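# An overview of the molecular structure
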Amino acid sequence: MRITQGTFSFLPDLTDEQIAKQVEYALDQGWAVSIEHTDDPHPRNTYWEMWGMPMFDLKDAAGLMTELKECRKVFPDRYIKVNAFDSTLGFETMRLSFIVDRPAREPEFNLRRTDTSGRNIRYELETVRS
Amino acid sequence: MADTVDLKRMLDESHVSDVLDELDRELVGLKPVKTRIREIASLLVVEKAREALGVTSAPPSLHMCFTGNPGTGKTTVAMRMAEILHRLGHVRKGHLVAVTRDDLVGQYIGHTAPKTKEVLKKAMGGVLFIDEAYYLYRPENERDYGQEAIEILMQVMENQREDLVVIFAGYKSRMDRFFESNPGLSSRVAHHIDFPDYSDGELLQIADRMVDGLGLQLAEGARKALAEYLSIRRKQPNFANARSLRNALDRARLRQARRLIEAGEVDAASLTTIEEADIRASRVFDAAPAAKDKEKAAC
């Protein structure tokens, strides 16, 4: 199942050139970019693993692209996303986050129903790797 | 597609001539350096023209090495270089990241690579200026992490030529030895530019600009005294060209300030004038008659 999380996720996968341009935009806004990766794209899994430190003081997208290339080499079958963090007062949060790489075979999600007290039903999403 | 390209117009459009003229105007002397920068600028314009005609060629390697005695303007020119390369479209951002050994080499195993990469990432799109680069390589310690930094540098210099330009700087003899022991690095640095010492006349010109920049002026006698000062100071150890000059002027300012305070009442003219006595009071003049005197007359 194609995972749709973050910005641009309903578009076809971005090319490297497009990624670099988005990063360029983020840097122009003064945001700090970082790379994260995971093998579990569950929507509630908000904490992906960091690929190195967030890249503060970056001036050009080439720096991030180098790291991205490196990350892809190490984790060819993981989800990789690029985050842009805005540190200005009032925001202090992610302003942009998009998936830049996904495994060839993406996991499925199972919907599990459980009966709980008083005829209530609990729904759970479960990642299924095939 | 057009068959001919107007190089002159391309040069004008990139506004490079402005930067080059500015360089000529603002930096005194440094003839070989200016010539080389002009050549590099021409090369990049010609390269662009080739591209316009559809002839593809690999981006030229523009890594440089600035050698010269202290105070000959290596850092100043590096700053300009970043701007020039930016105007010519060779680097995308045109910022300068100046580092020394400490910024590249780590303290323990596994610390160096991330540190060096961090710096390289910051410098991408601009110019990385490595001052006193020979400290990266310490032959007396075979476990030194400097070698690791050099290897990472070389890799990026080779593979990501279009992303950043690396400029090494240092004293001539030690840089030569550094390159001798790192032949791989030497062959990746295409431009070795030597910064000559300034002549006395050039130093005086620089002095005029420094004083002007401080909002001061030299009295007629003071200028002559300064010329004498420079010719004596040059023969003493640790002479650092423009830097020695700057220090001399700073000390003259101190003496001027003391003189003014002692005088009590001053007018605008005397507040902004450095007198001959301010310069003559330097210890350099005392040492002059007894030149054999071994004391390190640094002042």
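Just so it is clear, the structure is predicted and the values come from calculations on it, not from any experiment. (Residues numbered from 1 in each chain as written. Chains lettered and ligands numbered in written order. Predicted model: local features only at pLDDT ≥ 70, side-chain atom pairs only at ≥ 80, totals over all residues. Heavy atoms only, no water.)

## Some words on the overall build of chain B
For the record, the criterion: We count a stretch as a helix when DSSP gives it H or I for four or more residues in a row; a strand needs E for two or more, and each element gets its number in order from the N terminus. Contacts are assigned to residue pairs with any non-hydrogen atoms lying within 4.5 Å of each other. Values of accessible area rely on a 1.4 Å probe in the Shrake-Rupley scheme; residue burial ignores everything except the protein chains shown. Note that His is not counted, nor are the chain ends; the positive residues are Lys and Arg, and the negative ones are Asp and Glu. Taken as the charge centre is NZ of Lys, CZ of Arg, CG of Asp or CD of Glu, depending on the residue.
Along the backbone of chain B there are 15 helices and 7 strands. Along the first, second and third principal axes, the C-alpha atoms of chain B reach 70 × 55 × 35 Å. Considering only contacts within chain B whose residues lie at least 6 apart along the sequence, 74% involve residues at least 24 apart. Element-wise, carbon and sulfur atoms account for 50% of the exposed surface of chain B, whose accessible area totals about 15,500 Å². Averaging the coordinates of the 44 positive side-chain charges in chain B and doing the same for the 46 negative ones gives two points 3 Å apart.

## A word on the sheet that holds strand β1 (residues 32–38) of chain A
In a beta sheet, neighbouring strands are held together by backbone hydrogen bonds and run either parallel or antiparallel to one another. Residues and elements named next belong to chain A. In plain terms, the rule: A pair of strands counts as paired when DSSP detects no fewer than two bridges linking them. Note on method: axes are straight lines fitted to C-alpha atoms, helices fitted across the in-contact stretch only, with angles between N-to-C directions ranging 0 to 180 degrees.
Here we have 4 strands laid out as an open sheet, ordered β2-β1-β3-β4, and antiparallel in their pairing. For this open sheet the edge positions go to β2 (49–50) and β4 (93–101), each flanked by a neighbour on one side alone. Where β1 lies against β2, 2 bridges are found, and the strand directions are antiparallel. Along β2, the bridge assignment pairs His37 with Glu49. Running at roughly 170° to β4, helix α1 (residues 16–28) makes contact with β1, β3 (79–86) and β4 of the sheet. Most of the contacts of helix α2 (residues 61–74) go to β1, to which it runs at about 5°, and overall it touches β1, β3 and β4.

## Some thoughts on the interface of chain B and chain A
Interface size is commonly expressed as the accessible surface area that is lost when the partners come together. The criterion, for reference: The term buried area denotes the loss of accessible surface (1.4 Å probe radius) that occurs when two parts are joined, taken as the sum for both partners. For this document, the term salt bridge refers to a Lys or Arg side-chain nitrogen within 4 Å of an Asp or Glu carboxyl oxygen. Gly is placed with the polar residues, together with every amino acid not listed as nonpolar (Ala, Val, Leu, Ile, Met, Phe, Trp, Tyr, Cys and Pro) or charged (Asp, Glu, Lys and Arg).
Taken together, the contacts link 10 residues of chain B with 12 residues of chain A. Of the roughly 940 Å² buried between chain B and chain A, counting both surfaces, carbon and sulfur atoms make up 50%. The largest contributions to the chain B side of the interface with chain A come from Lys93, Lys121 and Lys122 of chain B, which together make up 54% of the buried area. Linking chain B with chain A are 5 salt bridges. Between Lys93 of chain B and Asp60 of chain A there is a salt bridge, with its nearest N and O atoms 3.3 Å apart. Considered class by class, the residues forming the side of chain B that touches chain A number 1 nonpolar, 3 polar and 6 charged.

## Focus: the sheet that holds strand β2 (residues 96–99) of chain B
All names here are of chain B. In spatial order, the strands read β2-β3-β4-β1-β5; together these 5 strands make up an open sheet with parallel pairing. At either end of the open sheet lies a strand with only one pairing partner, and these are β2 and β5 (191–195). Mean inter-strand twist for the sheet, computed between neighbouring axes without regard to direction, equals 20°. In this sheet, strand β4 (residues 165–170) lies alongside strand β1 (residues 64–68) in parallel orientation, the contact comprising 4 bridges. Paired with Thr67 across the strands is Gly170, a residue of β4.

## Focus on unusual backbone geometry
Generally, phi is negative for residues other than glycine and the peptide bonds are trans, each holding for most cases. Threshold: Working definition: with a 1.4 Å probe on protein chains only, accessible area under 20% of the residue-type maximum means buried, over 50% means exposed, and in between means partly exposed.
Although it is not a glycine, Phe8 of chain A sits at a positive phi angle of roughly 65°. Its location among the elements puts Phe8 of chain A in the segment before α1. The phi dihedral of Asn241 of chain B falls on the positive side, at around 40°, and the residue is not glycine. Judged by relative accessible area, Asn241 of chain B falls into the buried class, the value being 1%.

## Let's talk about the nonpolar core
Residues and elements named next belong to chain B. This is how it is decided: Here, nonpolar core means buried Ala, Val, Leu, Ile, Met, Phe, Trp, Tyr and Cys residues that are tied together by side-chain atoms lying within 4.5 Å of each other.
Formed by 59 residues in total, the largest nonpolar core has its most connected members in Met64, Phe66, Leu85, Ile167, Leu226, Leu245 and Ile279. Sorting elements by how many residues they give to this core places helix α3 (residues 31–52) first, with 7 residues. Sequence-distant contacts of Ile279, that is, excluding residues within four places in its chain, are made with Leu218, Ala222, Ala225, Leu226, Tyr229, Ala252, Arg255, Ile274 and Phe285. Core analysis: the second largest hydrophobic core is formed by 31 residues, Cys65, Ala149, Ile152 and Leu185 among them.

## Thoughts on empty space enclosed by the protein
Rules: Think of a 1 Å grid over just the protein atoms. A cavity is a set of points where a 1.4 Å probe fits yet cannot get out, a pocket is an open set with protein on both sides within 12 Å along at least five of seven lines, and lining residues have an atom within 4 Å of a point. Grid points are joined across faces, edges and corners, and a volume is the space filled by probe spheres set on the points.
Per the counting criterion, the structure on display carries 2 cavities of 30 Å³ or more. Approximately 90 Å³ is the volume found for the largest cavity. Every residue lining the largest cavity is listed: Arg2, Thr7, Phe8, Ser9, Leu11, Pro12, Asp13, Leu14, Ile99, Val100, Asp101 and Arg102 of chain A. Around the second largest cavity, the lining residues are Leu226, Tyr229, Ala248, Arg251, Ala252, Arg255, Asp278, Ile279 and Ser282 of chain B.

## Re the pairing of strand β5 (residues 108–115) of chain A
Residue and element names in this part refer to chain A. As paired elements, β5 and strand β6 (residues 121–128) share 8 bridges and run antiparallel to each other. In the strand pairing of β6, Thr114 is matched with Arg122. Hairpin geometry of β5 and β6 is characterised by an intervening segment of 5 residues between the two adjacent antiparallel strands and by a positive phi of about 60° at Gly118.

## Re helix α4 (residues 74–87) of chain B
Residue and element names in this part refer to chain B. The condition that has to hold: Take the residue count of a helix, subtract one, and multiply by 1.5 Å to get its expected span.
Under the 1.5 Å per step criterion, the end-to-end length of α4 is 20 Å for 14 residues, consistent within 8% with the ideal 20 Å. Among all positions in α4, only Lys74, Val77, Ala78, Arg80, Met81, Ala82, Ile84 and Leu85 are buried. Once α4 ends, the next one or two residues include Gly89, with phi positive near 80°.

## Looking at helix α6 (residues 112–123) of chain B
Counted at 1.5 Å a residue, the expected span for α6 of chain B with its 12 residues is 16 Å, and the 17 Å between its end C-alpha atoms agrees. Along its buried surface, α6 of chain B packs onto α2 of chain A together with β2, α5 (101–104), β3 (127–131) and α7 (146–159) of chain B. Of the residues flanking the end of α6 of chain B, it is Gly125 of chain B, one or two places downstream, whose phi is positive at about 85°.

## Re the packing of α6 of chain B against α7 of chain B
All names here are of chain B. What counts here: Orientation labels follow simple angle bins: below 35 degrees gives roughly parallel, above 145 gives roughly antiparallel, 65 to 115 gives roughly perpendicular, and whatever is left gives oblique. Here a crossing is called left-handed whenever its near helix is offset anticlockwise from the far helix by less than a right angle, and right-handed whenever the offset is clockwise.
Contact geometry of α6 with α7 gives a least axis separation of 9 Å together with a crossing angle of 40°. As the angle between them shows, α6 and α7 are arranged oblique. Crossing hand, α6 versus α7: right-handed. On the side of α6, the interface is formed by Thr112, Ala113, Thr116, Lys117 and Leu120, while α7 contributes Glu148, Ala149, Ile152, Leu153 and Val156.

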